[in-house]
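Residues per chain, in single letters:
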Amino acid sequence: MLRYFPIIPRLQRLFISKQRAEMARWHKDKRVVVENEMRHPADGEAWKDFDDTYKSFADDARSLRLAIATDGFNPFSQMTNSYSIWPVIVVPYNFPPWMCMDQSNYMLSLIIPSKKSPGKDFHVFMQPLMADMLKLWEGVSTYDAYEGKDFPLRAAILWGIHDYPALGTMSGRSTGGYFACVHCDENPCSECLRNKIGFIGHRRFLPSDHPWRKNTSFNGHHENREKPRKFTADEVMGRLDAASYVPGKNPEKPKPRKRRRNGEPVWHLKASMYDLPYWSKLKLQHNLDVMHIEKNICENIVATLLSNQNKSKDTIAARLDLEDRGIRKELHMVQEGDSFTKPRACYVLSPEGKKKFLEFLSNVKLPDGYASNISRCVNMEAKTLNGLKTHDCHILLQRILPAALRGLVRKDVYEAIAELGRFFRELCSKTLKVERLHLMKKEIVIILCKLEKIYPPAFFDVMVHLAVHLPDEALLRGPVQYGWMYPIERRLGTFKRFIRNRARPEGSVAEAYTAYECLTQCSTYFSDIITRFTRPERNLDGRQNILPTDSSIFSHGINLLGAYKLHYQDNDYDSMVWFVLNNCEEVDEYKE
């Protein structure tokens, strides 16, 4: 049974409170525009282009810009059970950054139940939400507590937030096979390998006169092709008009090919969002999820470094791919009698190097709340690193690998991995420089080309290739915090904890969420008690209640973590007395 939470009355409730109604205008009335900087989606090209195209919508600062997010999760925490729930969440972007991605502003609109992924039928369940969004595009009469009168509330969906498989579900476009990259519609960078499809040939993104285009060490050939082209909006609409899909069970439907040949269409249906009159004109319809791209790249690097039997990209088939291309002969399989062996590659750690690398990870110390305890994932006996979460990979790739691999791998391997970590570190900054993003578009191409000279073609799956498109999306969207899956995954974890009746998981989520939203709405009117809006931070440095008898020098309010023991040394006593006498306001009158 589909459960729909009407979105119109909940968007109208944003304007019942004077404070929140005022904050809904922040993006236009109070946002400080800094040249060459992006701190909010309103600084991105996609938002600006939408405002230029629909000026009547943009003239009213109260018009809401929304994102739509979805992902499936197993409510039973059992990998053997394929049951999944797909919540659809609406996120408003009008608010300032400290409110924009706050969990209290995430509005659950749909709960789609299914014993497996809804797949192409997902857009059948989306119809109630799309019907309300059409009404919001025309305008719905709403009371504004800040101005004290009614106004026509309008709202539009700017883009979607989801992981890569869900992108295929939301867009109706194939995200597998030769056309797996949603930005490379014509002449993609995909090639058939021994047992998979590899996304190589990033020299195509280099300038036509770049010397690496004539270098044969990449794949044994010169590279004269242009970079892949993305279809225009009109070309996409032409292919969508030709796509036909009948919802539900249809035995006459032909079974899809496992791998689509070049030239075949990649759209299998027209997504429900195309019912919105503005959707086809958006510059960024769907975000690439930086969170999962980082995770996949980090796992590829670490598993190959440690020669993980199940996840390493340095397989026998990968070595045969090198033989097929006639490159890097030092890595070809070596025959020894009736068997073959793999020579150790420069991107694989030696047994002693694995020990040092894992010991470094076991002993690394990070600030409280900065990352989880990565040492729990280290297995020194098996020399493996298992159970890494997405945020562990985020910290590992950006901060730890550049320090941990110093001196353990060849210089060119270390530099390529360190530059890749720096690229993601700059991309994930809260404030982005426009000029820097244009430089990063060139740098990521160089980094991927360096990796192509080091790793076999099997290393480059579609998730590694997608990194080349991330700077372009950042220019359109703004900081990645407004388009990645971290806050959505945390919200899904909250929904999972709502489940009390395992026989009716969707009903448990619906009932608990209704109570949660009512309490959240009521808490906006209470300022004299602790609510989710007035609750102090977890690591708040500063006491809330400073005793009147305390001296000013001792009222800094630093909270110490854990047990502590005070010990004064004799030679420091005079220094402490001097510091107190020269920094305590209460002593000033006695000095005179």
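See the structure printed just above.
Residues numbered from 1 in each chain as written. Predicted model: local features only at pLDDT ≥ 70, side-chain atom pairs only at ≥ 80, totals over all residues. Heavy atoms only, no water.

Undergrad: Whenever I open this one, the overall build of the protein chain confuses me. Can you help?
TA: What the protein chain contains, in helices and strands, is 22 helices and 15 strands. Its C-alpha atoms give the protein chain a radius of gyration of 28 Å, near enough to 25 Å, the size a compact globule of 592 residues would have. C-alpha extents for the protein chain along the principal axes are approximately 90 × 75 × 55 Å. Taking all 592 residues of the protein chain together, 50% fall into the buried category. In the protein chain, 86 side chains carry a positive charge and 73 a negative one; their mean positions are 7 Å apart. (Helix = DSSP H or I, 4+ residues; strand = E, 2+ residues; numbered from the N terminus. Rg over C-alpha atoms; globule rule 2.2 N^0.38 Å. Buried < 20%, exposed > 50% of the residue type's maximum accessible area, 1.4 Å probe, protein only. Lys, Arg positive; Asp, Glu negative; His and termini not counted. Charge placed at Lys NZ, Arg CZ, Asp CG, Glu CD.)

Undergrad: How should the packing of aromatic side chains be read in this particular structure?
TA: Aromatic ring pairs: the centre-centre distance and the angle between the two ring planes describe each pair. Scanning all chains against the criterion turns up 25 aromatic pairs. Considering the side-chain rings of Phe5 and Tyr513, the 5.7 Å spacing of their centres and the 75° angle between planes classify their relative orientation as edge-to-face. Separated by 508 residues along the polypeptide, Phe5 in the loop between β1 (3-4) and α1 (8-13) and Tyr513 in helix α20 (residues 505-523) bring together distant segments of the chain. Tyr513 matches Phe5 in its accessibility class, with the two residues each being buried. For the ring pair Tyr513 and Tyr516, a centre distance of 6.2 Å and an interplane angle of 35° mean the geometry is tilted. With Tyr513 and Tyr516 both in helix α20 and three residues apart, this pair spans about one turn of that helix. Accessibility assignment for this pair places Tyr513 and Tyr516 in one class, buried. (Phe/Tyr/Trp six-rings, centres within 6.5 Å; stacked < 30°, edge-to-face > 60°.)

Undergrad: Even after reading the chapter, I still don't get helix α11 (residues 290-305), so can you show me in this structure?
TA: Since there are 3.6 residues in each turn of an α-helix, residues three or four apart along the chain are aligned in direction. In this model, α11 (16 residues) spans 22 Å end to end at C-alpha, consistent with the 22 Å of a helix rising 1.5 Å per residue. With respect to burial, α11 is a largely interior element, 14 of its 16 residues being buried. A side-chain oxygen of the first residue of α11 lies 3.3 Å from the backbone nitrogen of Met291; this N-cap is Asp289. (Expected span 1.5 Å × (residues − 1). Polar contact = N/O pair within 3.5 Å; in protein donor to acceptor, adjacent residues only side chain to side chain.)

Undergrad: Any chance you could explain the sheet that holds strand β3 (residues 64-70) here in plain terms?
TA: Pairing between sheet strands relies on hydrogen bonds along the backbone, with the strands arranged either parallel or antiparallel. Spatially, β1-β5-β4-β3-β8 is the arrangement adopted by the five strands of the open sheet, whose pairing is mixed. Because the sheet does not close on itself, it has two edges, and the strands there are β1 and β8 (155-161). Here seven bridges tie strand β4 (residues 84-92) to strand β5 (residues 107-114), and the two strands are oriented antiparallel to one another. Among the inter-strand pairings, Val88 is bridged to a residue of β5, identified as Leu110. Across the sheet, helix α4 (residues 45-53) touches β3 and β8, and the angle it forms with β8 is around 155°. (Pairing = 2+ DSSP bridges. Contact = heavy atoms within 4.5 Å. Axes fitted to C-alpha atoms, helices over the stretch in contact; angles between N-to-C directions.)

Undergrad: Would you mind going over the packing of helix α16 (residues 434-454) against helix α18 (residues 470-477) with me for this structure?
TA: Geometry of a packed helix pair, given as the angle between the helix axes and the separation of the axes. As a packed pair, α16 and α18 sit with axes 8 Å apart at the nearest point and diverge in direction by 160°. When the interaxial angle is binned, α16 and α18 end up roughly antiparallel. Our pair here, α16 against α18, has a crossing hand that is left-handed. Side by side, α16 and α18 meet where Val434, Leu437, His438, Met440, Lys441 and Ile444 of the first sit next to Pro471, Asp472, Ala474 and Leu475 of the second. Of the residues belonging to the contact of α16 with α18, the class tally is seven nonpolar, one polar and two charged. (Parallel < 35°, antiparallel > 145°, perpendicular 65-115°, else oblique. Left-handed = near helix turned anticlockwise from the far one by under 90°. Nonpolar A, V, L, I, M, F, W, Y, C, P; charged D, E, K, R; others polar.)

Undergrad: What should I look at first to understand the side chain of His292 in this one?
TA: Looking at where His292 falls in the secondary structure, it is placed in helix α11. Classification of His292 by relative accessible area gives buried; the value is 17%. Setting aside its immediate chain neighbours within four residues, His292 contacts Asp163, Met463, Met485 and Glu489.

Undergrad: I tried to follow the packing of α11 against helix α15 (residues 411-427) on my own but got confused; where do I start?
TA: The N-to-C vectors of α11 and α15 enclose an angle of 165°; their axes lie 12 Å apart at closest approach. As the angle between them shows, α11 and α15 are arranged roughly antiparallel. Here α11 runs over α15; the crossing is left-handed. Contact residues: Val290, Ile293, Glu294, Ile297 and Ile301 in α11; Ile417, Leu420, Phe424 and Leu427 in α15. When grouped by side-chain class, the residues that make up the contact of α11 with α15 number eight nonpolar, no polar and one charged.

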